[in-house]
Amino acid sequence: TDPALIRNFCIIAHIDHGKSTLADRMLQITGAVKPRDMRAQYLDRMDIERERGITIKSQAVRMPWEVDGTPHALNMIDTPGHVDFTYEVSRSLAACEGTLLLVDAAQGIEAQTLANLYLALENDLTIIPVLNKIDLPAAQPEKYAEELATLIGAEPEDVLKVSGKTGEGVEAVLDRIVTEISPPVGDPEAPSRAMIFDSVYDTYRGVVTYVRVVDGMLKSRERIEMLSTGTTHDLLEIGVSSPEPTPSKGLGVGEVGYLITGVKDVRQSKVGDTVTNAQKPATEPVAGYSEPKPMVFSGLFPVDGSDYPALRDALDKLKLNDAALVYEPETSVALGFGFRCGFLGLLHLEITRDRLEREFDLSLISTAPSVVYRVVMEDGSEHTVTNPSEYPEGKVSHVYEPMVRATVLTPSDFVGAVMELCQSKRGQMQGMDYLSEDRVELRYRLPLAEIVFDFFDQLKSRTKGYASLDYAEDGEAASALVKVDILLQGDQVDAFSAVVHKDKAYSYGVSMVGKLKELIPRQQFEVPVQAAVGSRIIARETIRAIRKDVLSKCYGGDISRKRKLLEKQKEGKKRMKMVGSVEVPQEAFIAALSSD
Ligand code: GDP
Ligand code: MG
């Protein structure tokens with residue numbers, strides 16, 4: 001295809017603002033999908049994916065569209081919608097020349113829209129503002145057109161008004177993509193270079209890699225090289241999704257499509273890497289490549305210890321399709337055998353845990369999420385701590401914690417509440433802008449650990465659900481952090497150790513100790529529950545002794561009933577964990593870890 005006739009674009013939208021619905025309508029109107037094959041959410045085939053355990057989701061689709069009698073090829077590139085995947089979003093955007101900025105006409109701009117808009121501007125993309133859902137009675141297209149226009153420095157008349165549901169205005173969007181977004185430019189004679197913007201594991205075809213060609217041509221059957229590692233592979237198949245996978249002889253300048261090389265692990269075909277011809281390789285990558293970096297760690301343990309091998313197998317499977325997931329075995333006194341897992345963020349953690357439970361039928365306990373601390377000792381040695389129970393002993397000189405740049409969007413009524421929350425979470429204000437008279441954007445630098453804790457829930461409750469949040473990593477900062485241990489009769493309960501700011505150590509200690517006192521049944525002897533920073537006890541409760549004799553309830557006689565009780569007690573014992581000489585039912589630990 002002549003690059004002059006190609007347009008590469010993506011859609012930026014807050015969740016539920018109608019990206020999938022609009023994409024469906026475009027596939028239908030352009031004729032890319034025949035009416036008889038059309039079904040709702042054509043591109044989001046997660047149900048089939050789940051049923052058959054394969055991934056056939058199209059990460060990029062080609063649609064034909066004629067303007068003034070000239071046929072064009074529009075490539076729509078999907079962007080991941082989650083805050084945790086900023087790097088991947090940025091790679092998808094880098095594969096495009098323009099983007100639709102899609103906003104719900106009944107809701108207005110949200111934080112996720114803004115964060116992705118900033119990424120699009122960093123990538124010099126042409127922005128086409130679109131208001132969706134104008135068919136809704138609650139839509140306020142005039143008001144939000146103004147807001148959107150002000151934000152991107154356009155005129156309110158330039159804002160397109162559409163309904164993905166009824167199809168109204170969608171043809172105008174397709175026309176604008178052709179007339180406003182520039183065609184891709186590249187050197188067809190140069191050594192081939194293509195950027196990977198997504199790679200997905202498929203049970204039948206192995207890893208399917210999605211690329212945008214920048215220079216030269218990638219040809220079927222040639223040998224290709226991954227520039228970041230120098231590894232080479234045979235290109236078994238190359239093609240475009242239109243939207244069904246359609247093999248072709250090759251992909252030229254500006255084209256978007258997929259590659260299959262037979263590799264089985266997405267780590268061998270990394271988002272952001274550059275693909276080139278192995279015989280005549282390019283020297284410069286398309287863009288700097290960066291490895292996915294786990295930011296949040298948590299221990300995952302099977303509720304039933306015998307599920308440990310199943311958990312390991314499940315993690316091995318998920319890893320094939322998730323280059324950012326890392327894990328290693330971990331043993332906990334309180335929770336038994338499990339894995340210490342690293343995630344890009346809280347959402348990535350939740351998605352992974354959810355998939356392990358639903359797709360692999362596992363019942364799991366996760367320990368409180370922890371960020372990565374860099375601990376510098378007075379003797380100059382340095383430790384990277386991803387698990388609070390492995391915090392170094394001895395004299396600490398400095399502790400560094402990861403920071404984020406957070407964007408909060410809120411109705412102006414709640415500005416005070418949001419500022420108070422951010423301050424209580426050790427945030428530093430970086431700026432504040434009124435998007436319109438009743439909507440405000442607040443920018444803060446905050447410790448990631450505070451966001452991971454309960455920031456989002458508190459933000460929602462303090463703003464009646466109206467505020468939205470997005471964040472991106474922003475280096476590290478030295479902070480006054482300490483490790484708090486929880487002790488049962490003097491023995492440390494590893495799963496409850498936490499690294500917290502020194503001003504919050506006391507409240508963490510008091511709440512944990514109080515919780516465990518409630519949850520742990522009385523023993524034959526008195527058990528002190530303590531919170532400690534180093535050797536200093538900061539909180540204490542006592543579980544009083546009782547003498548528990550199950551058989552005394554049986555008033556002699558009935559042997560079978562006695563036996564039943566003994567058996568029941570034995571069964572209960574199986575799920576007991578010993579912390580020193582204290583016997584704790586596993587449920588108590590689970591309850592203590594899961595509440596707030
Ligand atoms: P996404 O999360 O951005 O992909 O949003 P979806 O396309 O899944 O849409 C979210 C919800 O909004 C769904 O219930 C859609 O049916 C609805 N929706 C999407 N577009 C429109 C529209 O133009 N009008 C109306 N009334 N509802 C819409
Ligand atoms: Mg969607």
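The protein goes by Elongation factor 4 in an unreviewed UniProt entry, where it is assigned to Brevibacterium salitolerans. Comment text from UniProt for the protein, heading Subcellular location (unreviewed entry), reads "Cell membrane".

Some remarks on the overall build of the protein
Within the protein one finds 13 helices and 34 strands. Scaling as 2.2 N^0.38, a compact globule of 596 residues should have a C-alpha radius of gyration of about 25 Å, and the protein matches this with 28 Å. The principal-axis extents of the C-alpha atoms in the protein amount to approximately 95 × 60 × 55 Å. Burial analysis of the protein (596 residues in total) assigns 52% to the buried set.

So, the site of ligand 1
Surveying the vicinity of ligand 1 reveals 16 residues, the closest of which are Asp-16, Lys-19, Ser-20, Thr-21 and Asp-135. Within the side chain of Asp-135, an N or O atom sits 2.7 Å from a nitrogen atom of ligand 1. In the environment of ligand 1, an oxygen atom lies 2.9 Å from a nitrogen or oxygen atom belonging to the backbone of Gly-164. Burial of ligand 1 by the surrounding chains reaches 73%, relative to a free accessible area of 580 Å². Here the shell around ligand 1 gets three residues from one element, more than from any other, and that element is helix α1 (residues 19-29). Of the residues belonging to the shell around ligand 1, the class tally is two nonpolar, nine polar and five charged.

Points about the pattern of salt bridges
Enumeration according to the criterion identifies 29 salt bridges in this entry. One salt bridge in this structure joins Lys-425 and Asp-454, with 2.7 Å as the shortest N-O distance. In this pair, Lys-425 is assigned in the loop between α9 (415-424) and β25 (428-436) and Asp-454 in helix α10 (residues 448-462), connecting sequence segments 29 residues apart. For Asp-454, a relative accessible area of 22% puts it in the partly exposed group.

Topic: the UniProt feature "binding site: GTP" (unreviewed entry) in the protein
Under the feature "binding site: GTP" (unreviewed entry), the UniProt entry names Asp-16, His-17, Gly-18, Lys-19, Ser-20, Thr-21, Asn-132, Lys-133, Ile-134 and Asp-135. Mapped onto the elements, His-17 comes out in the loop between β1 (6-13) and α1. With a relative accessible area of 3%, His-17 lands in the buried category. Contacts of His-17, omitting those with residues within four sequence positions, involve Leu-102, Val-103, Asp-104, Gln-107, Gly-108, Glu-110, Asn-132 and Lys-133. Considering the arrangement of structural elements, one finds Ser-20 in helix α1. What makes Ser-20 partly exposed here is its relative accessible area of 22%.

Regarding a nonpolar patch on the surface
Nonpolar side chains collect at one region of the surface, where Met-429, Met-432 and Tyr-434 lie side by side and expose about 280 Å² of accessible area between them. Within the secondary structure, Met-432 is located in strand β25.

Brief notes about the sheet that holds strand β8 (residues 206-215)
The pairing of strands in a sheet happens through backbone hydrogen bonds and is either parallel or antiparallel. Across the sheet, eight strands lie side by side as β11-β10-β16-β7-β8-β15-β12-β13; this open sheet has antiparallel pairing. Looking along the sheet, the strands with just one partner apiece sit at the ends: β11 (232-234) and β13 (245-247). Adjacent strand axes in the sheet meet at a mean angle of 40 degrees, parallel and antiparallel pairs treated alike. As judged from the three bridges shared by strand β12 (residues 237-241) and β13, these two strands associate in the antiparallel manner. Across the sheet, residue Ser-241 finds its bridge partner in β13, namely Pro-245.

Focus on the packing of α9 against α10
Between α9 and α10, the shortest axis-to-axis distance is 10 Å and the interhelical angle comes to 160 degrees. Relative to α10, the element α9 lies roughly antiparallel. In this structure, α9 crosses over α10, and the sense of that crossing is right-handed. Taking contact as the criterion, the partners of Ala-417, Val-418, Glu-420, Leu-421 and Cys-422 in α9 are, on α10, Phe-455, Gln-458, Leu-459 and Arg-462. Here the contact of α9 with α10 is composed, by residue class, of six nonpolar, one polar and two charged.

Each value, and the rule that gives it
- Residues numbered from 1 in each chain as written.
- Chains lettered and ligands numbered in written order.
- Predicted model: local features only at pLDDT ≥ 70, side-chain atom pairs only at ≥ 80, totals over all residues.
- Heavy atoms only, no water.
- UniProt positions renumbered as here; feature names shortened; annotations may be inferred.
- Helix = DSSP H or I, 4+ residues; strand = E, 2+ residues; numbered from the N terminus.
- Rg over C-alpha atoms; globule rule 2.2 N^0.38 Å.
- Buried < 20%, exposed > 50% of the residue type's maximum accessible area, 1.4 Å probe, protein only.
- Near = heavy atom within 4 Å.
- Polar contact = N/O pair within 3.5 Å; in protein donor to acceptor, adjacent residues only side chain to side chain.
- Areas by Shrake-Rupley, 256 points an atom, 1.4 Å probe, with all protein chains shown as cover.
- Nonpolar A, V, L, I, M, F, W, Y, C, P; charged D, E, K, R; others polar.
- Salt bridge = Lys/Arg side-chain N within 4 Å of Asp/Glu carboxyl O.
- Contact = heavy atoms within 4.5 Å.
- Patch = residues over 30% accessible without salt bridge, like charges linked within 9 Å, V, L, I, M, F, W, Y side chains within 5 Å.
- Pairing = 2+ DSSP bridges.
- Axes fitted to C-alpha atoms, helices over the stretch in contact; angles between N-to-C directions.
- Parallel < 35°, antiparallel > 145°, perpendicular 65-115°, else oblique.
- Left-handed = near helix turned anticlockwise from the far one by under 90°.

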